[in-house]
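Residue-level listing of the chains:
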Amino acid sequence: MKKSTPSLPPSLLVKLSHAYRSLPELDLALFSILNGAQANVKSASISIWLLNESETELECTHTVGMHAAKMLGTTMRAKKFIKAHPKNATLENLLPAEWLDAKAPLFHLNLPAKKIIAAPLTARGKIMGVLILNKKIGKSAFTRADRNLIDSLATDIAVAIQNTQLYERQNQIQQRQKLLNQISQHLHQTIELDELIPRIFSEVNKAIKAEAQSIWLVDEEAGFIKCRYATGPEAEMLKGFAVSLAAKSIVGTSVSRKRSIIIKDAQKDRRRAKSADEWTGFVTRSMMTVPLVLEDKSIGAIQAVNKRGGRLFNQEDLDLFRAIADSAALAVNNAQLLAELQNSYDLTLDALSAALDLRDRETEGHSRRVVEYTARLAEQIGLDKDIIKYIRRGALIHDVGKIGVPDAVLHKPGPLNDEETKIIQRHPEAGFKMLSGIPYLREEIQIVLGHQEKWNGTGYPYGLHGEEIPLGARLFMIADTFDALTSNRPYRQGRPYEAARQIIEEESGKQFDPRAVTAFLAVPGEEWAQIRAKVMAEIEKRRNKLQDIIIKLEAE
């Protein structure tokens, strides 16, 4: 009687045909299939070995039976010609010679060919790996019927694996496109570099899955590329680390040649900046670097280091990184231009304030002290840093309107008469009119206009009351008064902190906003003293620098 060919339960094959919807579903289906095949064919073990992305190794991804726990995850070198001759694959050319060695991690493969079935996993002309069975239980060899079953099963498994990979690939593409859209939105939500970069990395890391990431920006004047921001182990130590553009570092090469670089083994690559690892204590194993290029000019680079799970960065990671870099380069450049513009604004305002101080030597340093005092009060009541930024500027230029006050009035040693008082009281409006044509100062000039208003409505120029007065101006009023009370004048000595504190507390709800007074009282006296000392040290440093410049010019 002719022996029947072993077969698997139809339910398992149906389950396999629908398994490609997700990798977890496929894993469960494959283990079920392997269990069924082992029971039908009666083999000691059955395992699936899949080629890696580079097709250099085969990894045991699924196995049941003898030594399953030890075999799972084992890798072996794969022969390059396997994929070229999948239809003619035999035991001898499908498996490397070392697999048949007694010490091979595939246990008991040092058996004659009749005791092993090795069926290539081939789908749509592409070899995915190999399905291996070894040692027929109770018999000396596998039968032809066993081999026919496994060959058929190998085809079904290969198709299911390929379908799943294609499905997962499509899903990954969709997820990455969604990620790029999210990053694009973030790029349009802020132009502040310190906010922009963390937002980008937060989203990128979801897809790249790197242990560490960093962004490097070029300083052309210094000839360096410096780490501007980093995430991961020892990130704080890496921030600020600089590499010469002339050095043959990985990041320097990427920037100078405007070329993306994937380093599989950074320890063996001469371009790796060993000093960075020595500085941070972080061990760089693999790395991906993409330049930030704008109008054919590199302005920096982004890096991802050590893909989690011990895997290597692949072409998909590089494509995603490049797409992000294209968008990030424009956003970073815009942020840098804005920062430079704002810095030029601040330098202009700083020079204007210095000019006012030089005109009125009696109050030299006053503008800079009240800036720091007001900013500290703003921090104390929890204002956003962007609001504090314009409060600082407004405090710096609060007295700009005094440019129009005659010296006879501004420097009069005694009390002012009624007319002179009116002239002085016009300086907030004068300053407001001087600056009102500058769009970027529209918030700051509210402090210029309102810095002499009082909580109870007795101030000038408009007699505003309570919260009608801009918050920055209310905070400034306390800072201004505190500095005036504690500073020396030709006609009196500055009062000690405790006396000034008492006066400010007594004026709560009268001259000052009670909320602002509470904030002032919450800051220790020692901190106010430290702020004052720091400002005066900076002023002294500025004076010495200016004096050096004058001496140099006179010498020429």
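Structure shown above.
Each residue is numbered by its place in its chain's sequence as written, counting from 1. Note on the predicted model: pLDDT of at least 70 is required for a residue's local features to be given, and 80 or more for side-chain atom pairs to be given and counted; whole-chain, interface and lining totals, by contrast, use all residues. Side-chain measures were taken over the full set of non-hydrogen atoms in the model, leaving aside hydrogen atoms and water.

**So, the overall build of the protein chain**
Rules: Each helix is a run of DSSP H or I of at least 4 residues and each strand a run of E of at least 2, with the numbering of both proceeding from the N terminus. Relative accessibility decides the category of a residue: with a 1.4 Å probe and only protein chains considered, values under 20% of the type maximum give buried, values over 50% give exposed, and everything between is partly exposed. Contact definition: two residues touch when any of their heavy atoms are within 4.5 Å.
What the protein chain contains, in helices and strands, is 20 helices and 11 strands. Buried positions account for 44% of the 556 residues belonging to the protein chain. Sequence-distant contacts in the protein chain: of pairs separated by 6 or more residues, those separated by 24 or more amount to 59%.

**Describing the sheet that holds strand β9 (residues 261–263)**
The test is simple: Whether two strands pair comes down to DSSP finding at least two bridges between them. Every angle, taken between N-to-C directions, lies between 0 and 180 degrees, and every axis is a line fitted to C-alpha atoms, over only the stretch in contact when it is a helix.
Taken in spatial order, the 6 strands of this open sheet run β8-β7-β6-β11-β10-β9, and their pairing is antiparallel. At either end of the open sheet lies a strand with only one pairing partner, and these are β8 (242–244) and β9. On average, each strand axis in the sheet is tilted by 20° relative to the strand beside it, whichever way the strands run. Alignment of strand β10 (residues 287–294) against strand β11 (residues 297–307), held across 8 bridges, turns out to be antiparallel.

**A short note on the nonpolar core**
Short version of the rule: Only buried residues count toward a nonpolar core. Its members are Ala, Val, Leu, Ile, Met, Phe, Trp, Tyr and Cys residues joined through side-chain atoms within 4.5 Å.
Formed by 37 residues in total, the largest nonpolar core has its most connected members in L475, I478 and W528. No other element matches helix α17 (residues 471–486), which puts 7 residues into this core. For I478, the residues in contact, after removing those within four places along its chain, are L377, I504, F512, D513, A516, V517 and F520. Ranked by size, the runner-up nonpolar core spans 26 residues in total, among them L26, I48, M128 and F142.

**Looking at the packing of aromatic side chains**
Threshold: Here a Phe, Tyr or Trp ring, Trp counted by its six-membered ring, pairs with any other such ring whose centre lies within 6.5 Å, and the pair is stacked when the planes are under 30 degrees apart, edge-to-face when over 60, and tilted otherwise.
Taken as a whole and assessed by the stated rule, the structure comprises 7 aromatic pairs. Ring centres 5.2 Å apart and planes at 70° place the aromatic pair Y373 and F482 in the edge-to-face group. Note that Y373 is positioned in helix α11 (residues 366–380) and F482 in helix α17, a separation of 109 residues in sequence. Summarising the burial analysis for this pair, Y373 and F482 share the class buried.

**Comments concerning the pattern of salt bridges**
Put simply, the rule reads: The term salt bridge refers to a side-chain nitrogen of Lys or Arg lying within 4 Å of a carboxyl oxygen of Asp or Glu.
Within the structure shown, the criterion is met by 11 salt bridges. Two residues, K136 and D146, come together in a salt bridge whose shortest N-O distance is 2.7 Å. With K136 in strand β5 (residues 126–136) and D146 in helix α5 (residues 144–189), this residue pair connects regions lying 10 residues apart in the sequence. Since its relative accessible area comes to 9%, K136 is described here as buried. The class for D146 is buried, based on a relative accessible area of 2%. Salt-bridge contacts for R392 lead to E372; the nearest nitrogen and oxygen are separated by 2.5 Å.

**Some details on the sheet that holds strand β4 (residues 116–123)**
Each strand in a sheet pairs with another by means of backbone hydrogen bonds, the pair being arranged parallel or else antiparallel. If you trace the 5 strands from one edge of the open sheet to the other, you get β3-β2-β1-β5-β4, paired in antiparallel fashion. Looking at the sheet topology across the chains shown, the edges are occupied by β3 (75–77) and β4. Adjacent strand axes in the sheet meet at a mean angle of 25°, parallel and antiparallel pairs treated alike. The sheet contact formed by strand β1 (residues 43–51) and strand β2 (residues 57–65) spans 7 bridges and is antiparallel. Its bridge partner lying in β2, S45 is registered against G65.

**Section: α17**
Side chains of residues three or four places apart in an α-helix project in the same direction, reflecting 3.6 residues per turn. Keep this limit in mind: One less than the number of residues in a helix, times 1.5 Å, gives the span that helix is expected to have.
Over its 16 residues, α17 runs 23 Å from end to end, which matches the ideal 22 Å to within 8%, given 1.5 Å per residue. Here α17 lies mainly inside the structure; 14 of its 16 residues are buried.

**Considering the environment of W216**
Selection criterion: In protein, a polar contact requires one atom able to donate a hydrogen and another able to accept it; more generally it is a pair of N or O atoms within 3.5 Å, and residues adjacent in sequence count only if both atoms are side-chain atoms.
Assignment of secondary structure puts W216 in strand β6 (residues 210–219). Classification of W216 by relative accessible area gives buried; the value is 4%. Taking C-alpha positions, W216 is 9.5 Å from V243, a pair spaced 27 residues apart along the chain. Dropping the residues within four chain positions of it, W216 is found in contact with I225, K226, C227, R228, L238, F241, V243, V251, I299, G300, A301 and Q303. Within the structure, W216 has its side chain in polar contact with the side chain of S214 (distance 2.8 Å).

**Examining the pairing of β5**
For a regular strand, side-chain orientation follows a simple rule: the groups alternate between the two sheet faces. The element β5 is largely enclosed, with a buried count of 9 among its 11 residues. With 7 bridges joining them, β1 and β5 adopt antiparallel strand pairing. Paired with S47 across the strands is I132, a residue of β5.

**Here we look at the side chain of E453**
Operational definition: Asp and Glu are treated as the negative residues and Lys and Arg as the positive ones, with His and the ends of the chain left uncounted.
Relative to the helices and strands, E453 resides in the loop between α16 (444–450) and α17. Here E453 is buried and forms no salt bridge, its nearest opposite-charge partner K454 lying at an N-O distance of 9.4 Å. Engagement of the side chain of E453 in a polar contact is seen with the backbone nitrogen of G463, the distance being 3.1 Å. From its side chain, E453 meets the backbone nitrogen of L464 in a polar contact 2.9 Å long.

**Some remarks on the side chain of R369**
With respect to the helices and strands, the residue R369 is situated in helix α11. Of the polar contacts made by the side chain of R369, one reaches the side chain of D483; its length is 2.4 Å.

**Digging into the environment of E25**
Relative to the helices and strands, E25 is located in helix α2 (residues 23–41). A residue is classified by how much of its surface remains accessible, and E25, at 38% relative accessible area, is partly exposed. When the C-alpha atoms of E25 and T164 are compared, they prove to be 9.4 Å apart, with 139 residues separating the residues in sequence.

**With respect to the pairing of β2**
Pairing between β2 and β3: 3 bridges, direction antiparallel. What sits directly across from L58, in β3, is M76.

**As for the packing of helix α18 (residues 497–506) against helix α19 (residues 514–522)**
Packed helices, taken two at a time, are described by their axes: the angle between them and the distance between them. Rule in force here: If an angle is under 35 degrees, it is roughly parallel; if it is over 145, roughly antiparallel; if it lies from 65 to 115, roughly perpendicular; otherwise it is oblique. Helix crossings get a hand from a simple test, with the near helix turned counterclockwise from the far one by less than a right angle marking a left-handed crossing and a clockwise turn marking a right-handed one. Three classes are used, and their members are as follows: Ala, Val, Leu, Ile, Met, Phe, Trp, Tyr, Cys and Pro are nonpolar, Asp, Glu, Lys and Arg are charged, and the others, Gly among them, are polar.
Relative orientation of the contacting elements α18 and α19 amounts to 160°, with a least axis distance of 10 Å. Here α18 lies roughly antiparallel to α19, going by the angle between them. By crossing handedness, the relation of α18 to α19 is classed as left-handed. Here α18 contributes Y497, R501, I504 and E505 to the contact with α19, which in turn contributes V517, F520 and L521. Its residues placed into classes, the contact of α18 with α19 shows 5 nonpolar, no polar and 2 charged.

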